[in-house]
Structures are given as structure tokens and as C-alpha cells.
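The primary structure of each chain is shown beneath.
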Amino acid sequence: GQKSFFAKKYLNLTGMRYPGTGRKTTAVKAGMDYYAVFNHWHDCMLDFKLYMDVMDEKFEKKNGRPAKDEYEMVDFMFGSFNPYSVWKSDVYWLLKHFKYK
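The model shown is predicted, which means the values in this text are computed figures rather than measured ones.

Let us look at the overall build of the protein chain. Scanning the protein chain for helices and strands turns up 4 helices and 2 strands. The secondary structure elements of the protein chain, listed N-terminal to C-terminal, are α-β-β-α-α-α. Taken against the 2.2 N^0.38 rule, which gives 13 Å for 101 residues, the C-alpha radius of gyration of the protein chain at 14 Å falls within 12% of a compact globule. Dimensions along the principal axes, computed over C-alpha positions, put the protein chain at roughly 35 × 35 × 30 Å. Here the protein chain holds 101 residues, and 25% of them are scored as buried. Taking as baseline every contact in the protein chain between residues at least 6 positions apart, the subset at least 24 positions apart corresponds to 36%. Accessible surface, the protein chain: about 7,600 Å² in total, of which carbon and sulfur atoms supply 57%. Charge centroids of the protein chain, computed over 17 positive and 12 negative side chains, lie 5 Å from each other.

Given below as C-alpha cells:
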């Protein structure tokens, strides 16, 4: 039941910001408040994968090991990717209720 202006207008399903220098992106430009604008929703998902690869590297560099699970990675990303506690609780709920096969 949640609606997102950025998902509809920018095809930005994950809330990606347009990156500065140093990270590859599939976004075509920055929109309002520097949210990334994509030509297709699939490009947004590819961009999120590029972002997650960077986050994996940062986690391993900081901790000397890969994240033990998705919850540890969400905790690591909290604040930098999204500073709102509702995001963290929503992602925890998704992880608990979604079984990837």
C-alpha cells in the first residue's frame, strides 16, 4: 500500500541516490534531491547490485571478513544507505518473511 514518487517517476525502486565519482552506475541522471533516474526499473536493480558490491568490499575491509548474514549487512548499511529506522525494520521483516529459492 505504500506509494513512491521516485519509483513511479524515476523508475527508482530502491531509493538509489545518484553517485558521485568513484562508483559505476546505470542511472542516466540525478533527479530531485539527487535521487537517481533510470530508463527502466531493471537498470535500477542492476545499479543496486553495483552498490551492494561496493558495500560488501567496505564491510570486508572494515571487519576482515564477509558479513555473516543479511541482517549484519543491513546493520552495516543502516545510516549510510538509509537513516530511517522504519527502513531497517521493513527490511528485517522482508528478510524474515521472504524465502529466496
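Per the stated rule, a full pass over the model turns up 10 aromatic pairs. Ring geometry for Tyr71 and Tyr92: centres 4.9 Å apart, planes at 85 degrees, overall edge-to-face. With Tyr71 in helix 3 (residues 70–77) and Tyr92 in helix 4 (residues 85–97), this pair connects stretches of sequence that are 21 residues apart. Take Tyr71: its relative accessible area is 30%, and that puts it in the partly exposed class. Given the relative accessible area of 27%, Tyr92 is considered partly exposed. Aromatic rings pair up to connect Phe5, Phe6, Tyr10 and Tyr35 into one cluster. Positioned above the aromatic ring of Tyr35 is the side chain of Arg17, whose terminal nitrogen or guanidinium carbon lies 4.0 Å from the ring centre. The side chain of Lys88 reaches across the aromatic face of Phe78, ending 5.1 Å from its centre.

Moving on: the nonpolar core. Core analysis: the biggest nonpolar cluster contains 15 residues, and Met16, Phe38, Tyr51, Met73, Met77, Phe81 and Trp87 have the highest contact counts within it. Here Met73 is in contact with Met52, Met55, Asp56, Phe59 and Ala67, once residues within four sequence places are set aside.

Positive phi is not limited to glycine here, since Leu11 has a value of about 55 degrees. One non-glycine residue, Asp33, lies in the positive phi region at around 55 degrees. Relative to the helices and strands, Asp33 is located in the loop between strand 1 (29–30) and strand 2 (36–37).

Reading the values: the criteria
Residues numbered from 1 in each chain as written. Predicted model: local features only at pLDDT ≥ 70, side-chain atom pairs only at ≥ 80, totals over all residues. Heavy atoms only, no water. Helix = DSSP H or I, 4+ residues; strand = E, 2+ residues; numbered from the N terminus. Rg over C-alpha atoms; globule rule 2.2 N^0.38 Å. Buried < 20%, exposed > 50% of the residue type's maximum accessible area, 1.4 Å probe, protein only. Contact = heavy atoms within 4.5 Å. Areas by Shrake-Rupley, 256 points an atom, 1.4 Å probe, with all protein chains shown as cover. Lys, Arg positive; Asp, Glu negative; His and termini not counted. Charge placed at Lys NZ, Arg CZ, Asp CG, Glu CD. Phe/Tyr/Trp six-rings, centres within 6.5 Å; stacked < 30°, edge-to-face > 60°. Lys NZ or Arg CZ within 6 Å of the ring centre and 35° of its normal. Core = buried A, V, L, I, M, F, W, Y, C linked by side-chain atoms within 4.5 Å.

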